[in-house]
Amino acid sequence: MVLQTSARILVLGASGLIGRFITDDLRAQGFHVIGVARAFSASQRMTAFDLELPVLAMGAPALSQLIRDHAIDVIVNCLGVLQDGPGSDTRAVHRDFVAQLLNGMADCGRTLRLIHISIPGTAEDDRTAFSTTKREAEMLIASSGVTYAILRPGFVVAPSAYGGSAMLRALAALPIDLPAKDAGTAFQPVAVEDLAATIGWLARRDLGDETTRAVTWHMTWHMTWDVTWELMQSQKVSLGGVIDQFRFAFGTSEMPRVTLPAFMVDLGAWCGDLVNRLGWMPPMRKTAIAELRRGVNGDPTPWMAATGIVPKTIAQAVGQRSATIQDKWFARLFLLKPLVIASLVLFWVMSGLIALVISFPATTAILTSHGFPPDIATPFAAMTSVMDISIGVLIAFRRTCAAGLVGGIVLSLGYMAGTAILTPDLWIEPLGALVKTGPAIMLMLVALSMLDNR
């Protein structure tokens, strides 16, 4: 039985890796939680209190109204983006939105506490727009006069995987190793359960009747709020050590591995930035590699002393259960997903270009040899070539990829049926081009099934 606590919590960014777990866990702890995100996947819509709102576009008055409508006591801000790109603006998300939120909190007429999820490190070490805008938000909060707790979790280990955590799982499942310098980077993790427990602990600090609050105000209020804590295991560990723990869970510790040269990592980051312009959010981008090489470390002692929480080690967080078959499948397929998408884009675009430019006379000759009049064969060959190219372009962009894959499947089936009726001899030509269309359809079905990110 879950006992309902009196604090009402608003979680911003409730669809993300951290935000989703925190929302569900705080509800299990007994809190009344309103989860807000721009969009939830179908599997994330747990209750009527998961609200889809254009939160980043909401000004201070709209945020104040949201807080008042739901009688919020504690706000947990989990919003964040890795780097600038289509639909992502680090300054707008990390700094400008926090400024609007602080104004909304000041104008709403309620006593509020803000728990802000940030990143470890110091301003002197910040080198990317991601880290500098995160630090600017911290400074805004600290100088705003609101009651706050800034939490700086290390590498967050959660049951689900997204972005960097998915990448590390993939590296653990495949015969690939990072360059020695990157693998040796300090990389202190924290279990997402410890992060959720900390937020629950903070949210309970002001519970009790008014008399209790008045008596304990000066003794406990400022001791447990207006703090900045680094949340991570106290034992030092490297990035390679974290990956090794996942390998142990996956049973791949003894697998022979090939060490990637450093330039391959940089090339992967460059490719990640390129496809980011098409709307994809690959974990390997220049900002991710820069933050990885910077390392993740800090001092969790003040957090541990204040809350009494003993953080799980990476061995406890990852090794508390053996990897399931779905864990292994996900990890193995994660790095294959972009290769599948890229191969399909090249398949459709190149087949269309070859038929339209290089082999156009041969294409029209096939049609005319089967009874098509030249004035029909020429535009028909051009039209099908353009359709092929269009399918490839649709698959290349994240927003239209699903439509492109479905269109590619339908078009392929149409080609197979049409040739069976109009040009059946093509089915037995020596290279078996039409026979290979079937596996291409299967590959598009595989890509369609892997398209979800959350």
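Just above sits the structure.
An account of the accompanying structure is given in this report. Here the structure is a predicted model, which means the values were calculated and not measured. (Residues numbered from 1 in each chain as written. Predicted model: local features only at pLDDT ≥ 70, side-chain atom pairs only at ≥ 80, totals over all residues. Heavy atoms only, no water.)

1. Describing the overall build of the protein chain
Definition in use: Counting from the N terminus, the helices are DSSP H or I runs at least four residues long and the strands are E runs at least two residues long. Pairs of residues are marked as contacts when any of their non-hydrogen atoms sit within 4.5 Å. Residue burial considers only the protein chains on display, and all accessible areas are found by Shrake-Rupley using a 1.4 Å probe. In this tally Asp and Glu are treated as negative and Lys and Arg as positive; neither His nor the chain ends contributes. Taken as the charge location is NZ of Lys, CZ of Arg, CG of Asp or CD of Glu.
Broken down by element type, the protein chain carries 19 helices and eleven strands. For the C-alpha atoms alone, the extent of the protein chain along its principal axes is close to 95 × 50 × 45 Å. Considering only intrachain contacts with a sequence separation of at least 6, the fraction spanning at least 24 residues in the protein chain is 75%. Element-wise, carbon and sulfur atoms account for 66% of the exposed surface of the protein chain, whose accessible area totals about 21600 Å². Seen as two clouds, the 36 positive and the 36 negative side-chain charges of the protein chain have centres 1 Å apart.

2. Things to note about the pattern of salt bridges
Under the convention used in this document: What makes a salt bridge here is a side-chain nitrogen of Lys or Arg within 4 Å of a carboxyl oxygen of Asp or Glu, nothing more. The buried label goes to any residue with under 20% of its type's maximum accessible area, the exposed label to any with over 50%, and the partly exposed label to all in between, with areas taken from a 1.4 Å probe on protein chains only.
Under the defined criterion, the tally for this structure stands at 18 salt bridges. For Glu-138, the salt bridge is made with Arg-135, and the minimal N-O distance between the two is 3.2 Å. With Glu-138 and Arg-135 both in helix α4 (residues 129-142) and three residues apart, the pair spans about one turn of that helix. For the pair shown, Glu-138 and Arg-135 are each scored as buried. Here Glu-291 makes a salt bridge to Arg-294, at a shortest N to O gap of 3.4 Å. Here Glu-291 pairs with Arg-294, and both are found in helix α11 (residues 286-294), just three residues apart, close to one helical turn. Judged by relative accessible area, which is 15%, Glu-291 ranks as buried. Salt bridges linked by common partners bring Asp-126, Arg-135, Glu-138, Arg-152, Glu-230, Glu-291 and Arg-294 together as one network.

3. Things to note about the environment of Ile-75
Within the element layout of this structure, Ile-75 appears in strand β4 (residues 74-77). Judged by relative accessible area, Ile-75 falls into the buried class, the value being 0%. If we ignore the near neighbours within four places in the chain, the residues touching Ile-75 are Leu-10, Leu-12, Ile-67, Leu-101, Met-105, Leu-112, Arg-113, Leu-114 and Ile-115.

4. Considerations on the pairing of strand β5 (residues 113-117)
Convention followed: Pairing between two strands is assigned when DSSP locates at least 2 bridges connecting them. By convention a crossover is right-handed if, when the strands point away from the viewer, the path from the first strand over the helix to the second runs clockwise.
The element β5 is extensively covered by neighbouring structure, given that five of its five residues are classed as buried. Going residue by residue along β5, you find Arg-113, Ile-115 and Ile-117 tucked away on one face and Leu-114 and His-116 tucked away on the opposite face as well. Pairing of β4 with β5 involves four bridges; the strand directions are parallel. Note on β5: the bridge partner recorded for Asn-77 is His-116. Read from β4 through helix α3 (residues 90-107) to β5, the crossover connection turns out right-handed. With five bridges connecting them, β5 and strand β6 (residues 147-153) associate as parallel partners.

5. Some thoughts on the environment of Leu-260
Its place among the elements puts Leu-260 in the loop between β11 (258-259) and α10 (262-276). In this structure Leu-260 comes out as partly exposed when scored by relative accessible area, which is 24%. For Leu-260 and Ile-289, which are 29 residues apart along the polypeptide, the C-alpha to C-alpha distance reads 14 Å. With sequence-adjacent residues up to four places away left out, Leu-260 is seen in contact with Ile-176, Asp-177, Leu-178 and Pro-179.

6. So, the side chain of Thr-307
In plain terms, the rule: Here a polar contact is recorded for every N or O atom pair within 3.5 Å, except that within protein the pair must consist of a potential hydrogen donor and a potential acceptor, and residues adjacent in sequence are included only if both atoms are side-chain atoms.
By secondary structure assignment, the location of Thr-307 is in helix α12 (residues 301-307). Polar side-chain contacts of Thr-307 include one of 2.8 Å to the backbone oxygen of Trp-303. A distance of 3.2 Å separates a polar side-chain atom of Thr-307 from the backbone nitrogen of Ile-309. Sequence-distant contacts of Thr-307, that is, excluding residues within four places in its chain, are made with Trp-201 and Trp-229.

7. Quick notes on the packing of aromatic side chains
For clarity, the cut-off: Ring geometry is summarised as follows: Phe, Tyr and Trp rings, the Trp one being its six-membered ring, pair when their centres sit within 6.5 Å, and such pairs are stacked at plane angles under 30 degrees, edge-to-face over 60 and tilted between the two. Two conditions define a charge located above a ring, namely a distance within 6 Å from the ring centre to NZ of Lys or CZ of Arg, and an angle within 35 degrees of the ring normal.
Per the counting criterion, the structure on display carries five aromatic pairs. Measuring from centroid to centroid gives 5.4 Å for Phe-347 and Trp-348, while their planes differ by 75 degrees, and the two rings are edge-to-face. By relative accessible area, Phe-347 is classed as partly exposed at 41%. The buried category is assigned to Trp-348, whose relative accessible area is 2%. Sitting above the plane of the Trp-201 ring, Arg-205 keeps its charged end 4.2 Å from the centroid.

8. A closer look at helix α9 (residues 239-250)
Convention followed: Expected span, for any helix, means 1.5 Å times one less than how many residues it has.
Counted at 1.5 Å a residue, the expected span for α9 with its twelve residues is 16 Å, and the 17 Å between its end C-alpha atoms agrees. Summarising burial for α9: nine of the twelve residues are buried, a large majority. Buried residues of α9: Leu-239, Gly-240, Gly-241, Val-242, Ile-243, Phe-246, Arg-247, Ala-249 and Phe-250, and no others. Looking one or two residues past α9, Gly-251 carries a phi angle of roughly 75 degrees, positive in sign.

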